[in-house]
Amino acid sequence: MDAGADRSKPRIDVASLQVGGLYRVDWRHEQLRRTFRFKGTLQAIEETPAAADDAEPQTTLAFEVKPRFGSATVQRVELATIRTIQPA
């Protein structure tokens, strides 16, 4: 699935993601102006309520990432920053 160029509304269908599935994720860090990539197992889809009345709720995806060396960690990525997400 491709998020596309429009950053205001992501085109990723959260309903098509399966908890426990292995995904390759590319996400953009706007302050660093860099795209990061990781492969991880989707642990949870978290909805954060909106801060203001007119704002949309934030969706965060939690992945378990196992590096080659070291212990596994949980990486949380906001849905709006994800560029691409593909089954691995």
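Further up the page is the structure itself.
Note that residues are indexed from 1 along each chain, following the sequence as it is written. This being a predicted model, a pLDDT of at least 70 is required before a residue's local features are given, and a value of 80 or more before pairs of side-chain atoms are given or counted; all residues contribute to the totals for chains, interfaces and linings. Note: side-chain values were computed over all heavy atoms of the structure, leaving out hydrogens and water.

Before going further, it helps to spend a moment on the sheet that holds strand β3 (residues 58-65). By the convention used here, strands pair only if DSSP detects at least 2 bridges between them. Labels follow the DSSP assignment, with helices taken as runs of H or I lasting at least four residues and strands as runs of E lasting at least two, numbered in each case from the N terminus. Read across the open sheet, the five strands follow the order β4-β3-β2-β1-β5; overall the sheet is antiparallel. If you trace the sheet from one side to the other, it starts and ends with β4 (73-78) and β5 (82-87), each paired once. Put simply, the sheet's adjacent strands are angled 45 degrees from each other on average, direction ignored. Only the stretch in contact is used when fitting a helix axis, every axis being a line fitted to C-alpha atoms; angles between N-to-C directions are given from 0 to 180 degrees.

Aromatic pairs are defined between Phe, Tyr and Trp rings, using the six-membered ring for Trp, whenever the two ring centres lie within 6.5 Å; interplanar angles under 30 degrees are classed as stacked, those over 60 as edge-to-face, and all others as tilted. Taken as a whole and assessed by the stated rule, the structure comprises two aromatic pairs. Note on Phe-38 and Phe-63: the rings are 5.4 Å apart at their centroids and 70 degrees apart in plane angle, and the pair reads as edge-to-face. You can see Phe-38 sitting in strand β2 (residues 34-48) and its partner Phe-63 sitting in strand β3, a full 25 residues away along the chain. Buried means the residue's accessible area, taken with a 1.4 Å probe over protein chains only, is under 20% of the maximum for its type, while exposed means over 50%, and partly exposed covers the values in between. Look at Phe-63 and you get buried, because its relative accessible area is 0%.

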